[in-house]
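A structural walkthrough
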Amino acid sequence: MSKNVDVVINVFGKVYQTALSLLSITEHCGQHINKIYFQEEALTAEYERRSHCKTLEYFGDIIEHYVPRYWNGIDPNDLKRAAEDEEYLLSIRYQYGWYRTESSLLLTIHNDIDVQADVIGNLIDALGEHTGVGEIGQCWWCPAYQNGLCDSERYTQFKPSYQYLMKIYNKDMDYTQRRAYNLGLSEQYQKNPWPLPECRLNEWCALINMEKAAKDTMPNGTAAPFGARMPSGACIGENWDRPVCLDVGVQWFRDMLHLGHTFGHYDVNRDMLHDKRGSVKLDSAEAYVKAEMVAFNKLKERYPDFFRFMQE
């Protein structure tokens, strides 16, 4: 079987979880993988005191390591600057692998997954004529899903008016279960609310047909970069001046759908373990250390060669 898939992993801290992500995906999907692009953020997690050096050394030449010049954090990206400054463009999440790959298929992954089966093979089988395939939508954050109106399989069918979207966002609003989009969305959503602001191809494990996607995505096309975070139109904070961003990939997904691309839903949870609210761990020392120790023990049990190498 030809190794025709490149993988790009965006890395922010989580040293043991990152190693587990790479070891588990190469164990179960290695027959498909040509190259792994390891895009490491310029800063690391607040609670992290270790580096990824051992993981990078262990994997050797299959990995291409890149640390961007700029750190974007969770701030919105500046697409005008991205169009003019290549180094800024490459600082956007997943962009280095997107830029460097010569493969027709690119897999994006998080650095906190535990692959249990051949998820790449299954995604290839599900791709068909779509531009991308993976888990569609963060439906658990969305009032349309919460009210039984929409889901990952029906996202192309539910196309409400802006007024109706705001109505369901504000009904029984709970800020622990929904983002603050109820405060109002930008002009693009006022003109056309579809796809909804939680709709996206979830980047924690998504397969993209680069022959279709690259030509319509910046810098070649008009769609936002895959990993860009853009302002939603809602603002929070003491002075109501802190933008609530659309999550990674939402703007790209929206732009691509409006250009006529299609995306298929495949439930990657059949093939891997992933905490969909993993970013919460970055705000809690206790949760961060607990998740790292779970990964540490899995490495010790399942990958003893790597574990010994890591200890040297």
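A brief report on the enclosed structure follows. (Residues numbered from 1 in each chain as written. Predicted model: local features only at pLDDT ≥ 70, side-chain atom pairs only at ≥ 80, totals over all residues. Heavy atoms only, no water.)

1. Overview of the overall build of the protein chain
Counting its regular elements, the protein chain contains 13 helices and eleven strands. Taken against the 2.2 N^0.38 rule, which gives 20 Å for 312 residues, the C-alpha radius of gyration of the protein chain at 19 Å falls within 12% of a compact globule. Its C-alpha atoms put the protein chain at 60 × 45 × 40 Å along the principal axes. Counting over 312 residues, the protein chain shows a buried share of 56%. Here the protein chain has roughly 14,100 Å² of accessible surface; of this, 48% comes from carbon and sulfur atoms. Computed over 33 positive and 44 negative side-chain charges, the separation of the two mean positions in the protein chain equals 4 Å. (Helix = DSSP H or I, 4+ residues; strand = E, 2+ residues; numbered from the N terminus. Rg over C-alpha atoms; globule rule 2.2 N^0.38 Å. Buried < 20%, exposed > 50% of the residue type's maximum accessible area, 1.4 Å probe, protein only. Areas by Shrake-Rupley, 256 points an atom, 1.4 Å probe, with all protein chains shown as cover. Lys, Arg positive; Asp, Glu negative; His and termini not counted. Charge placed at Lys NZ, Arg CZ, Asp CG, Glu CD.)

2. Focus on the packing of aromatic side chains
A full pass over the atoms with the stated rule returns 19 aromatic pairs. On the numbers, 5.9 Å between centres and 80 degrees between planes, the contact of W98 with W252 is edge-to-face. Within this pair, whereas W98 is found in helix 5 (residues 95-100), its partner W252 is found in helix 11 (residues 250-258), the two being separated by 154 residues in sequence. For the pair formed by W98 and W252, the shared burial category is buried. With 6.0 Å between their ring centres and 75 degrees between their planes, Y169 and Y181 make a pair best called edge-to-face. Of this pair, Y169 sits in helix 8 (residues 162-170) while Y181 is found in the loop between helix 8 and helix 9 (187-191), placing the two residues twelve residues apart along the sequence. There is no split in this pair, since Y169 and Y181 are both buried. Put simply, the rings of Y94, W98, Y155, F226, W252, F253 and F263 touch in pairs and so form one group of aromatic residues. In this structure, K54 is placed above the aromatic ring of F309, and the distance from its NZ or CZ to the ring centre is 4.6 Å. (Phe/Tyr/Trp six-rings, centres within 6.5 Å; stacked < 30°, edge-to-face > 60°. Lys NZ or Arg CZ within 6 Å of the ring centre and 35° of its normal.)

3. Brief notes about the state of the cysteines
A complete count under the given rule lists zero disulfides for this structure. Not part of a disulfide, C205 finds its nearest cysteine sulfur in C29, a span of 7.5 Å. (Disulfide = S-S within 2.5 Å.)

4. Here's the deal with helix 6 (residues 119-127)
Among all positions in helix 6, only V119, I120, G121, L123 and L127 are buried. Directly after helix 6, the chain includes G128, whose backbone phi takes a positive value near 55 degrees.

5. A short note on the pattern of salt bridges
Per the stated rule, a full pass over the model turns up 17 salt bridges. Its salt-bridge partner being R93, residue E41 comes within 4.0 Å of it at the nearest N-O pair. Linking E41 in the loop between strand 2 (33-40) and helix 2 (53-59) with R93 in the loop between helix 4 (86-89) and helix 5, this pair joins segments that are 52 residues apart in sequence. By relative accessible area, E41 is classed as buried at 7%. Residue classification places R93 among the partly exposed residues on the basis of a relative accessible area of 22%. Measuring nitrogen to oxygen at the nearest pair gives 3.8 Å for the salt bridge that ties R200 to D247. On the criterion of sequence distance, the pair formed by R200 in the loop between helix 9 and strand 7 (201-209) and D247 in the loop between strand 9 (242-245) and helix 11 is long-range, its members being 47 residues apart. Neither R200 nor D247 differs from the other in exposure class; each is buried. Connected through salt bridges with shared partners, the residues R179, E198, R200, E203, R229 and D247 form a single ionic network. (Salt bridge = Lys/Arg side-chain N within 4 Å of Asp/Glu carboxyl O.)

6. Side note on the nonpolar core
Counting residues in each nonpolar core, the largest one holds 52 residues, and the members touching the most others are W98, Y155, L201, I208, W252, F253 and F263. Elements supplying a minimum of two residues to this core: helix 4, helix 5, helix 8, strand 7, helix 10 (210-213) and helix 11. Core analysis: the second largest hydrophobic core is formed by 43 residues, F59, I120, V268 and Y303 among them. (Core = buried A, V, L, I, M, F, W, Y, C linked by side-chain atoms within 4.5 Å.)

7. Quick word on the sheet that holds strand 2
Within a sheet, neighbouring strands are paired by backbone hydrogen bonds and run either parallel or antiparallel to one another. Taken together, seven strands build an open sheet; the order of strands is 3-2-1-4-7-6-10 and the sheet is mixed. Across the chains shown, the open sheet's two edge strands, defined by having one partner strand only, are strand 3 (63-66) and strand 10 (263-265). If you compare each strand with its neighbour and ignore which way they point, the axes differ by 20 degrees on average. Pairing of strand 1 (residues 5-11) with strand 2 involves seven bridges; the strand directions are parallel. Note that in strand 2 the partner of V8 across the bridge is Y37. Sitting on the sheet, helix 1 (residues 15-29) is in contact with strand 1, strand 2, strand 3 and strand 4 (105-109), with an inclination near 170 degrees to strand 2. Packing against the sheet, helix 6 makes contact with strand 1, strand 2, strand 4, strand 6 (132-136) and strand 7, and its axis sits at approximately 55 degrees to strand 7. (Pairing = 2+ DSSP bridges. Axes fitted to C-alpha atoms, helices over the stretch in contact; angles between N-to-C directions. Contact = heavy atoms within 4.5 Å.)

8. Description of helix 8
Within the sequence span of helix 8, burial applies to Y162, L165, M166, I168 and Y169. Axial view of helix 8: buried residues confined to an arc of 165 degrees, hence all on one face. Turned more than 90 degrees from where helix 8 packs its buried face, Q163 and K167 sit exposed. Along its buried surface, helix 8 packs onto helix 7 (143-146) and helix 9. (Arc of directions from axis to C-beta.)

Note that every value here comes from positions in space, so none of it alone points to a role or purpose.
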